[in-house]
Structures are given as structure tokens and as C-alpha cells.
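# Topology and contacts: notes
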Amino acid sequence: VYVNDLQDFFPIPDSTLFLDEIKTLHLRAIGTTDKVVVRFQQQVDGISVVGGEIMVLMTLQGDLLALENSALATAHQISTEPVLDSWTAIHHAHQNYQELERKKAKHIALPHLCILPTEIGKVLEPRLAWELELRTPSAVSLPSGRRLWVDAIDGTILKEENLVHRQDIQGHVE
């Protein structure tokens, strides 16, 4: 089965899908048949779509059992040429980081272009973005770190993810 044969169900051009992994699932030991998982990563002009992938579950003979799709049907329609350069993206991201963390980042990773699924209304639309991480280690308090996606066209922050997770564990041990 080729992905292009499934255009009616998943209108993702196979020219945007690149083989990422083939894995055999050895399930005979638990009373079922072995299976194969094939994972395709979505890319447009060499730029990865964040979370964009198709996973195919097949028998060892190649019969299709299941298909999982998180690829964006319209990703190939956007321009992959950024208007903002990476230095401008760093500037926008660092300003946002300082507003969120109330301190400057001590480490800023090199930004890279990606295509970010962005919710517009109730629809996911592809946006060309610069993805980068900013961090501030600390010896006396909790460190801080954020992953930010900066729109490569207008510099708005499309998404922000806190990289430091705090846990408050309470309980009683006997």
C-alpha cells in the first residue's frame, strides 16, 4: 500500500513524507502475530513539520492494519522562505522569555526553521516558524527554560513551552 493510494482518506502529498523508521514488533510471544510499523516524517523543502507524521501498522506480509495521521494536508502550500532572519527571531524570543521569566536567558540555542501546526479558529494551519530554546541555569533557585516558536513572517510568538517542570509531592511513608 502506498500513501498516495489513500489520497481520499489522507490528502497528504507523498512528496512531503520521508521514511523515518521501520520497526518490527515481536508480538508472537504474547499470543498474537508479529507486526511492522513504518513511520514517515513530514517535511517541506527539507523543513520538518512539528509533530507531522504518518504511522502505518502492517502485517509481516505488508497488509495494512492501521494508519495514524498527524501530518498537515496544506503544509506544502506555504512559502518556506522566512521574512525574519534568525537574529530577529532570537530578539523576539528573548523579549518574550524576559517577560515570562523576569530574567535574561544565559543560553540561547541556535534557532532552526520548522513548520508549526497553529490553531486558527478550529483548524490547524501550517506556519513557518523559528524554533529555539532559551535557558537560565541557577545554583540558588530553580533554573528556567523555554522552547519558543517565533513566526518567521511577522515575529509573533506562536507557541511557548516551559522546559522546567515543578512537582510538589506530599504523602506519608510508613
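Higher on the page you've got the structure.
This report concerns the structure included in the present document. Since the structure is predicted, the reported quantities are computational estimates derived from the model, not experimental observations.

Each value, and the rule that gives it
Residues numbered from 1 in each chain as written. Predicted model: local features only at pLDDT ≥ 70, side-chain atom pairs only at ≥ 80, totals over all residues. Heavy atoms only, no water. Helix = DSSP H or I, 4+ residues; strand = E, 2+ residues; numbered from the N terminus. Expected span 1.5 Å × (residues − 1). Contact = heavy atoms within 4.5 Å. Polar contact = N/O pair within 3.5 Å; in protein donor to acceptor, adjacent residues only side chain to side chain. Buried < 20%, exposed > 50% of the residue type's maximum accessible area, 1.4 Å probe, protein only. Lys, Arg positive; Asp, Glu negative; His and termini not counted. Salt bridge = Lys/Arg side-chain N within 4 Å of Asp/Glu carboxyl O.

A word on helix H1 (residues 86-101). Helical geometry: 3.6 residues make up each α-helical turn, so side chains three or four residues apart lie on a common side. Counted at 1.5 Å a residue, the expected span for H1 with its 16 residues is 22 Å, and the 22 Å between its end C-alpha atoms agrees. The inward-facing, buried residues of H1 abut strand S5 (107-108), strand S7 (123-136), strand S8 (144-151) and strand S9 (157-162). Of the residues flanking the start of H1, the one acting as N-cap is Asp85, its side-chain oxygen 3.1 Å from the backbone nitrogen of Trp87. Phi turns positive one or two residues past the end of H1, at Arg102, with a value near 65 degrees.

Note that Lys35 resides in strand S2 (residues 35-44). In this structure Lys35 is buried but unpaired, with Asp34 as the nearest side chain of opposite charge at 7.5 Å. Of the polar contacts made by the side chain of Lys35, one reaches the side chain of Thr33; its length is 3.0 Å. Not counting residues up to four positions away in its chain, the partners in contact with Lys35 are Lys23, Thr24, Leu25, Leu27, Leu57, Met58, Leu60 and Leu65.

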